[in-house]
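# Structure assessment
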Amino acid sequence: MSNKRSFHEHNRNTKNRQERPVLLLVAEGKNVTEKQYFSQYISTSAFYSIKFGNAGNTTDPVGLYRFAKKEWSKLGLDHKKGDRAVIILDLDCDDQKAEKIAALSNEDRNISFVVTNPCFELWFLYHFRYTTKQYHNNEELILELKNYIEGYKKTTNVNDYLSIRLNDAIKNAVRLEKYHVDACRSWPSNESNPRTDVHHLMDLILMRRKQ
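Across all of its chains, the model carries 10 aromatic pairs by this definition. Aromatic side chains Tyr37 and Tyr41 sit 5.9 Å apart centroid to centroid with 65° between the ring planes, which places their arrangement in the edge-to-face category. As far as burial versus exposure is concerned, Tyr37 and Tyr41 are alike and both buried. Among the aromatic residues, those joined into a cluster by ring pairs are Tyr37, Phe38, Tyr41, Phe120, Phe124 and Tyr152. Residue placement shows Arg175 over the ring face of Tyr130; its charged tip is 3.8 Å from the ring centre.

Next up on the list: the confidence of the model for the chain. Per-residue confidence for the chain gives a mean pLDDT of 89, with 90% of residues at or over 70. Segment residues 1-18: pLDDT under 50, and 30 contacts once partners within four positions in sequence are set aside and those in other chains are kept.

What follows deals with helix H2 (residues 61-75). Look at H2: 21 Å from first C-alpha to last across 15 residues, which is about the 21 Å you get at 1.5 Å a residue. Taken residue by residue, H2 has Pro61, Leu64, Tyr65, Phe67, Ala68, Glu71, Trp72 and Leu75 as its buried positions. The buried residues of H2 all sit within an arc of 165° when viewed along its axis, so they share a single face. Projecting away from the buried face of H2 at angles above 90 degrees are the exposed residues Arg66 and Ser73. On its buried side, H2 packs onto strand E1 (22-27), strand E2 (49-54), strand E3 (84-90), helix H3 (95-104) and strand E4 (111-117). Regarding H2, its N-cap is Asp60, as a side-chain oxygen of that residue lies 2.9 Å from the backbone nitrogen of Val62 further along. Of the residues flanking the end of H2, it is Gly76, one or two places downstream, whose phi is positive at about 65°.

Moving on, we come to the packing of helix H7 (residues 166-182) against helix H8 (residues 198-206). The geometry of H7 relative to H8 is characterised by a closest axis approach of 9 Å and an angle of 130° between their N-to-C directions. Taken as axis vectors, H7 and H8 run oblique relative to one another. Touching Leu166, Ile170, Ala173, Val174 and Glu177 of H7 are His199, His200, Met202 and Leu206, all from H8. A class-by-class count of the residues in the contact of H7 with H8 yields six nonpolar, two polar and one charged.

What counts and how
- Residues numbered from 1 in each chain as written.
- Predicted model: local features only at pLDDT ≥ 70, side-chain atom pairs only at ≥ 80, totals over all residues.
- Heavy atoms only, no water.
- Phe/Tyr/Trp six-rings, centres within 6.5 Å; stacked < 30°, edge-to-face > 60°.
- Buried < 20%, exposed > 50% of the residue type's maximum accessible area, 1.4 Å probe, protein only.
- Lys NZ or Arg CZ within 6 Å of the ring centre and 35° of its normal.
- pLDDT = per-residue confidence, 0-100.
- Contact = heavy atoms within 4.5 Å.
- Helix = DSSP H or I, 4+ residues; strand = E, 2+ residues; numbered from the N terminus.
- Expected span 1.5 Å × (residues − 1).
- Arc of directions from axis to C-beta.
- Polar contact = N/O pair within 3.5 Å; in protein donor to acceptor, adjacent residues only side chain to side chain.
- Axes fitted to C-alpha atoms, helices over the stretch in contact; angles between N-to-C directions.
- Parallel < 35°, antiparallel > 145°, perpendicular 65-115°, else oblique.
- Nonpolar A, V, L, I, M, F, W, Y, C, P; charged D, E, K, R; others polar.

Have a look at this one:
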């Protein structure tokens, strides 16, 4: 995220607009993990032109939602042209946060949520193993991830570790989703712990199946 050039320079309403639909990704401002991970797909996404929104220190679902709507307008995005916006955030075992996400999920068809409980590192762990173990906090999950990525920190670029195991992560996430659905556990909520939606975003980026 070191490049200071704003992607607002290429407004979709100008003659220089991107021909490909835009996939706008918005993550919690304090985290670099998500952008660092998804940046590897900027040049490889089969369908979308991937853009990132910098939400600053915003971490609350309502604040992220408002920011996404603002960025959608600034970029001149259009659902009819295939543009989409996705908010990526951690549930942090927080049911109040889950209630906010659920309330916002159907507010705007242009904006969707990709949620992980307790945190995004679950997606990383699923590249190495499947588990339904409940985690009481993010630190507990990250400690387990360090068994597979020694010395892991949120600023660590782990893309080389994960890229060859992507199919395993998707299969494990699909299996986990089915596990909770079969048990009639609500989502998003801490009742589904652990769980992640990241595989749905990967399907979108890679266009592995019709959306």
